[in-house]
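Coordinates in review
Listed below are the residues making up each chain.
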Amino acid sequence: MDPPQGSPQSSPDAQGSRQRPMDASQGLRQPLMDTPQGSRQPRQQQYQPRRPDPPSGGDGLFNAVVTIFLFVLVFLVSSSTTGSSLSVLHQVPEGHVGVYWRGGALLEATTDPGFHWKLPLITQFEPIQVTIQTDQVRDIPCGTKGGVMISFDKIEVVNRLRKSFVYQTLHEYGVFYDKTWIYDKIHHEINQFCSAHSLQQVYIDMFDQIDEKVKDSIQADCTRYAPGIEIISVRVTKPNIPVSIKRNFELMEEERTKALIAIEKQKVAEKEAETQKMIALSEAEKNAQVSQIQMEQKLMEKNSAKRQEEIENEMYIAREKSQADANFYRVMKEAEANRLKLTPEFLELKFIEAIANNSKIFFGEKVPNMVMDQRLLGNYLDGISKKGRGDV
């Protein structure tokens, strides 16, 4: 191939000669050439950088194919995130399932999260969320039973579409199934509730029951007609009411608050009085119990003293009885001894001893009959003794 135009060429003198590598620090090439004397000397020459070769026909076609491929790849990737009908590769986000229409007809097959392929322009794709989501319904006007117009700024409905009912729900109610069964249904249920209750009930008395009643009503209809929709909870904000009525409610609330404060003060006073009463009762019961204990103590002391006296009396009686018995026994024994001892001979001996010991001197013509009398007494006693022996 001929060298391209504008490219540096070697001179005829340089052909067949060795060239020294380029000095990178100087940016110059110093070729060696033969001198007439036969010695080699470097020839100073300005270095000209080599220009790239123009692309040939094959290289240009390859570059065009690569450019088109990159363009198509970028288009497919960008279309996969936008859901374009022209895309071939599309992405299903996490928490969603892929739903497809071919020629306007809903296909039963669904896809899980990830990348998937479809036919461009023929198959349409839409991701459907199957995790818990919150729909906000705003500006809901309604009229109460008394004819007062009120409005709810926002009602939040936490719901979920069951994965196994995706095809059935979309086949019957379309992609915007939540408009039919959540947004429009909320308006209907709120109006039904307000029309059946007064402003007092809606705004104050039964406000805490609105969310449960609306949830139960929507869930009942969804279970009957759209079983794939699950209503988890409903959150209702305080409705907006006319300013004049709101002021009246505020005044009523102030009066109610004052009444509640008075009631609470009365309860506090009653509690304090009850506490004082309980303290007094407790004190009285304590004193009564102390008096009872003291009385029982004194009674026990009296009983103890009484018992002690009874024991002493019993001891005294037993002692006296024992002493009396001893005396009686002694007397009886002495009497028995005397009966055995007082014999006529003993008495006569005693009589004689008594007479002998008597130092009296009798004077007169006649001797006293005392000696005779003593003899007579001795004889009398002797007769008695004999009679006693005869009885024995």
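Just so it is clear, the model here is predicted, and its values are computed rather than measured. (Residues numbered from 1 in each chain as written. Predicted model: local features only at pLDDT ≥ 70, side-chain atom pairs only at ≥ 80, totals over all residues. Heavy atoms only, no water.)

Before going further, it helps to spend a moment on the overall build of the protein. Broken down by element type, the protein carries eight helices and ten strands. Counting every position in the protein, which comprises 392 residues, the buried fraction comes to 19%. In the protein, 62% of the contacts between residues at least 6 apart in sequence involve partners at least 24 apart. Total accessible area computed for the protein in this model is approximately 29,200 Å², and 57% of it derives from carbon and sulfur atoms. (Helix = DSSP H or I, 4+ residues; strand = E, 2+ residues; numbered from the N terminus. Buried < 20%, exposed > 50% of the residue type's maximum accessible area, 1.4 Å probe, protein only. Contact = heavy atoms within 4.5 Å. Areas by Shrake-Rupley, 256 points an atom, 1.4 Å probe, with all protein chains shown as cover.)

As enumerated under the stated definition, the model contains four aromatic pairs in all. Taking the centre distance of 5.7 Å and the plane angle of 40° together, the rings of Y100 and F125 count as tilted. Placement of Y100 in strand 4 (residues 96-102) and of F125 in strand 7 (residues 123-129) is noted, with a sequence separation of 25 residues between them. Given the relative accessible area of 7%, Y100 is considered buried. For F125, a relative accessible area of 6% corresponds to the buried category. Between Y173 and W181 the ring centres are 5.5 Å apart and the planes differ by 90°, which places this aromatic pair in the edge-to-face class. Connected via pairs of aromatic rings, a cluster forms that spans Y173, W181 and Y225. (Phe/Tyr/Trp six-rings, centres within 6.5 Å; stacked < 30°, edge-to-face > 60°.)

What follows deals with the pairing of strand 5 (residues 105-111). Here strand 4 runs beside strand 5; their pairing, made up of four bridges, is antiparallel. When the sheet's bridge partners are listed, V99 is paired in strand 5 with T110. (Pairing = 2+ DSSP bridges.)

Quick look at helix 3 (residues 177-195) now. Spanning 19 residues, helix 3 covers 26 Å between terminal C-alpha atoms, matching the ideal 27 Å at 1.5 Å per step. Its maximal kink placed at K185, helix 3 deviates by approximately 40°. Within helix 3, the full set of buried residues consists of Y177, D178, W181, I182, K185, I186, E189, I190, F193 and C194. (Expected span 1.5 Å × (residues − 1). Bend = angle between axes of the 7 residues up to and from the residue.)

Residues F152, I155, L170, I186, I190 and I210 are the most contacted members of the largest nonpolar core, which totals 39 residues. For this core, the leading source of residues is helix 3, giving seven residues. Both domains that furnish three or more residues to this core are identified here as domain 1 (86-129) and domain 2 (130-241). (Core = buried A, V, L, I, M, F, W, Y, C linked by side-chain atoms within 4.5 Å. Domains from an automatic or database assignment.)

Before going further, it helps to spend a moment on the sheet that holds strand 4. Overall, antiparallel pairing links the three strands, which are arranged 5-4-7 in an open sheet. Looking along the sheet, the strands with just one partner apiece sit at the ends: strand 5 and strand 7. Ignoring which end each strand starts from, the neighbouring axes of this sheet average 30° apart. Strand contacts of helix 2 (residues 166-173): strand 4, strand 5 and strand 7, with the helix running at about 160° to strand 5, the strand carrying the most contacts. (Axes fitted to C-alpha atoms, helices over the stretch in contact; angles between N-to-C directions.)

Another point: the confidence of the model for the protein. In this model, the protein carries an average pLDDT of 78, and 71% of its residues clear a pLDDT of 70 or more. Note on residues 1-47: pLDDT is under 50 here. Beyond four places in sequence and across chains, it has 40 contacts. (pLDDT = per-residue confidence, 0-100.)

Next up on the list: the sheet that holds strand 10 (residues 229-236). Reading across from one edge, 8-9-10 is the order of the three strands in this open sheet, with antiparallel pairing throughout. Strand pairing shows two members of the sheet lacking a second neighbour, strand 8 (133-143) and strand 10, which therefore form its edges. Averaged over all neighbouring strand pairs, the angle between strand axes comes to 30°, with direction disregarded. In the sheet, strand 8 pairs with strand 9 (residues 149-161) via ten bridges, with the strands oriented antiparallel.

The tally for this structure, following the rule as stated, stands at 13 salt bridges. With a closest N to O distance of 3.4 Å, E189 and K185 form a salt bridge. Taken together, the positions of E189 and K185, both in helix 3 and four residues apart, correspond to about one turn of that helix. By the burial criterion, E189 is buried, and K185 matches it. A salt bridge links K286 to E283; its shortest N-O distance comes to 3.1 Å. Separated by three residues within a single helix, K286 and E283 lie in helix 6 (residues 243-341), roughly one turn from each other. Exposure remark for K286: the relative accessible area of 41% places this residue in the partly exposed category. (Salt bridge = Lys/Arg side-chain N within 4 Å of Asp/Glu carboxyl O.)

At a minimum axis distance of 10 Å, the contact between helix 3 and helix 5 (residues 207-225) shows a crossing angle of 130°. The orientation of helix 3 relative to helix 5 falls into the category oblique. Judged by the sense of rotation from one axis to the other, the crossing of helix 3 with helix 5 is right-handed. Contacts from W181, K185, I186, E189, I190 and F193 in helix 3 reach I210, K213, V214, S217, I218, D221, C222 and Y225 in helix 5. Here the contact of helix 3 with helix 5 is built from residues that sort into nine nonpolar, one polar and four charged. (Parallel < 35°, antiparallel > 145°, perpendicular 65-115°, else oblique. Left-handed = near helix turned anticlockwise from the far one by under 90°. Nonpolar A, V, L, I, M, F, W, Y, C, P; charged D, E, K, R; others polar.)

Position of T144 among the secondary structure elements: in the loop between strand 8 and strand 9. Not counting chain neighbours up to four residues away, the residues in contact with T144 comprise I150, C194, S195, H197, S198 and L199.

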